[in-house]
Structures are given as C-alpha cells and as structure tokens.
Amino acid sequence: MILPLIAFFLLYGSLHLYVFVKVTDALVLGPALSLILAAFMGIMVAAPLLVRISTSRGLSLLARAISHIGYTWMGLAFLFFSFSLLVDLFRLTLHGTGLLLHRDFSPFIHSHRLTFTLPLLVTLAIASYGCLEARNIRNETLTIQSPKIPRESGGMTIVALSDIHLGLLAKRARLERILEQVKRAEPDILVSTGDLLDGQVDDLEGLAEPLGAIHPRYGKFAVTGNHEFYAGLDRAIDFTEKAGFTVLRGEAVTVDGVNIVGFDDPTGEHFGFVRGSSERELLSSLPEDKFTILLKHRPVVDAGALGLFDLQLSGHTHNGQIFPFVLITRLFFPVAAGLVRLAEGSLLYVSRGAGTWGPPIRFLSTPEITVIRLLHRSDERTGCRPEGKKGTC
C-alpha cells in the first residue's frame, strides 16, 4: 500500500506545482503572497493524510472540516488543471501554426492572465453545477430475460447500491435520498457492491438504522470494496451487518431460485486476507439451472469464470466522477459504466455509484442506484435491455 500512496502524493503534488506556476505567472504575486499560497497548497496536498490522522485521534470535527475544504479544493484543482492544460495545448498548437504560416499569434499565446482567467471561470461554473449533479441520484433500470427465471415466479426486482461512501462527508441526508429511491423500486433483493463506507468511519452513529429499516422479501447481500479495508474490515463488516446485510466473502447463497455469489475486493490481499476459493471453483459448485448473480466491487472479469455466471454487478469506477478523469479510469477499467455482453452468455453491469469519493462533485457522471428486473424468457438466450438507453448486449 505504500507505493500507491507515494504515487498519489507525487502526482497530486505535481498537479499543485502546475497550478502554483499558473497562478503566480498570471497574478505576479510578491514573495510573501507566493509563500502563503505555497503553504496553503502544501496543506491541501497533505489534506487526505491530515484527515486520517485527525480521525485516528478522535478529532472528528477537525477531520470533517479538513475533509470539506481539502476535498472540495481537490475537485477545483483537478478541474482547473484539466482546462488550463487544454488551453496550454491550444496555445502550443497556435504557436506551431503561427510558425508555419508566418503569422503573429503572440497576443493570444503570451497573455498569462487570459489563459489563467478562462480556465478559472470554467472551473467555478462546472464545480457549481457538479455539486448539484452529485445530489441528483437517478434510477437506472435494467431488464433481463432468462429461461433460468421461473415463469411462475412472475419475475424478481433487485436493487444494487454501490460506492455510497458513508463517512465524514456523506451523512444521513444523502443516505435518506438514496433510500427513498430504493423504497420506490420495491426490491425483492437489495445488494451492495462495495464502498458502502468511506475510509474514515469514526462517526457513523445513526446511519445503520435507515438501511436496516429496508426489508426486501429475500434479503440483503453485500461485498467488500477497497474502502471497507481502508476503514478497518472488522468495523466495516460490523456496520454492514447492523444495516441488515449478509456479507458474502467468497460465499454463495441461493434465494428463490437465484444464486448470489460475492467476493472480497482484491485490496484485502494487501492487508493479509486470504481469498479462498477461486471464482471458477465456487461458481462451478452452484446449480447450473439457476440464474447466478456475481457481486464484485471492481469491474474486472475472471476469464475462467465466463459462462458460469449470468450477471456480474460491479462499481468502483464512479465513471470517473469528474470528467475528464474517466479518460484515465478507462485505462485501468475498459468498462467504466453501463452494460456489456461478455463471452459465454455472461453479462457485466458497472454502476456509476450513488455517492462521491473525495470531492463532493460530479460532472458528466450522475450518481445512480440500479434496478434490475429479472423476467422469464422461453427460449435459451438471455436477453437484456437498459431502459431508456441503447444496450450493447
């Protein structure tokens, strides 16, 4: 875990160095103001670490204050960096074009104030909108028809939650907005595909009860995400179970003719947790005539398990959360959101998540809860349709 942290702080620190140079070039700050700005940015780079230290010492109010300031700043800094870099690339292109055409574009190229102000205004506008988008939780409905769903059952409704990140920033108000959507869907089964909790879980009083008040007909099931391990696995599992979920850790259950299988997030291996049976081994042991749902936090598909499950539900990516970060997300997870048909008749659905990590901002990645309607189909082929969207299956 040390190397990823070092990489994060190096990249985040480099981003701040770029922003610092852009600010000082545009505003021509004196030595004193430059030093104050540098100190502020240094604190912002260290903010995630300061939050962790504050919570470990029981300073929850301080941790929450640092979280609000530090993570909001993180969103602003990323947006400014992205659009400022785009402007700089445009300036570089303009400079090259001017050399080729023997034209003087220097008024546009050398105006540091203009190339600072424009990204700043765009950043503030998008961040303001993004705070509203983060509150606009949508129901994404997916209909799947399969011969494995008994005709006499009349179908089944499953609601999938992912990446709520309850903790210092996401509190009862957000949870209640999410649960209002869940109740309207009237699920037969409720599942959580990880990161129900954030990395700091010292102040979760009163949050398990609203979740516990949801009583689907066939139960609630959850798997761990990476943040459950960051928060402390024992505490995370204790909270999840108090909320009424059965946590599946390399385990399977069968409810009303549907197999539900869950695995720990691979982050657990860094904390010394042994995974146990492979996906192929566990899935192979289940009744083949029943519809099988595989719960995994990350949208990574085990090639050896293809054909042994019907639908994998995942999250983790947040669909990038703040565009254009999704362009980086897709380098690691080609399916960052939505539904795809895999080989051997299996399906993968990746949720955008219902909450936010870090910045309380979303841009071009509206939060969601996923409603899956399972219906009987008379022929042998599994059919699927994302409601209101063109599916890839």
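The structure this text deals with has already been given above.
Only a predicted model underlies this, so the values are computations on that prediction, with no experimental measurement involved.

Reading guide: rules and limits
Residues numbered from 1 in each chain as written. Predicted model: local features only at pLDDT ≥ 70, side-chain atom pairs only at ≥ 80, totals over all residues. Heavy atoms only, no water. Helix = DSSP H or I, 4+ residues; strand = E, 2+ residues; numbered from the N terminus. Buried < 20%, exposed > 50% of the residue type's maximum accessible area, 1.4 Å probe, protein only. Contact = heavy atoms within 4.5 Å. Areas by Shrake-Rupley, 256 points an atom, 1.4 Å probe, with all protein chains shown as cover. Lys, Arg positive; Asp, Glu negative; His and termini not counted. Charge placed at Lys NZ, Arg CZ, Asp CG, Glu CD. Axes fitted to C-alpha atoms, helices over the stretch in contact; angles between N-to-C directions. Parallel < 35°, antiparallel > 145°, perpendicular 65-115°, else oblique. Left-handed = near helix turned anticlockwise from the far one by under 90°. Nonpolar A, V, L, I, M, F, W, Y, C, P; charged D, E, K, R; others polar.

A few words on the overall build of the chain. The helix and strand tally for the chain stands at twelve helices and 13 strands. Expressed as lengths along the three principal axes of its C-alpha atoms, the size of the chain is roughly 75 × 55 × 35 Å. Going through the 393 residues of the chain one by one, you find that 51% of them count as buried. The long-range fraction of contacts in the chain, counting pairs at least 24 apart against all pairs at least 6 apart in sequence, stands at 76%. By element, 62% of the accessible surface of the chain is carried by carbon and sulfur atoms, the whole surface being about 18,700 Å². Within the chain, the 37 negative side-chain charges are centred at a point lying 7 Å from the centre of the 37 positive side-chain charges.

Our next topic: the packing of helix H1 (residues 2-27) against helix H5 (residues 112-133). With their axes 8 Å apart at the nearest point, H1 and H5 run at an angle of 125° to one another. Considering their axes alone, H1 and H5 lie oblique with respect to each other. In this structure, H1 meets H5 at a crossing whose hand is left-handed. Judged by residue contacts, Lys22, Val23, Asp25, Ala26 and Leu27 of H1 engage His112, Arg113, Thr115 and Phe116 from H5. In terms of residue class, the contact of H1 with H5 is made up of four nonpolar, two polar and three charged.

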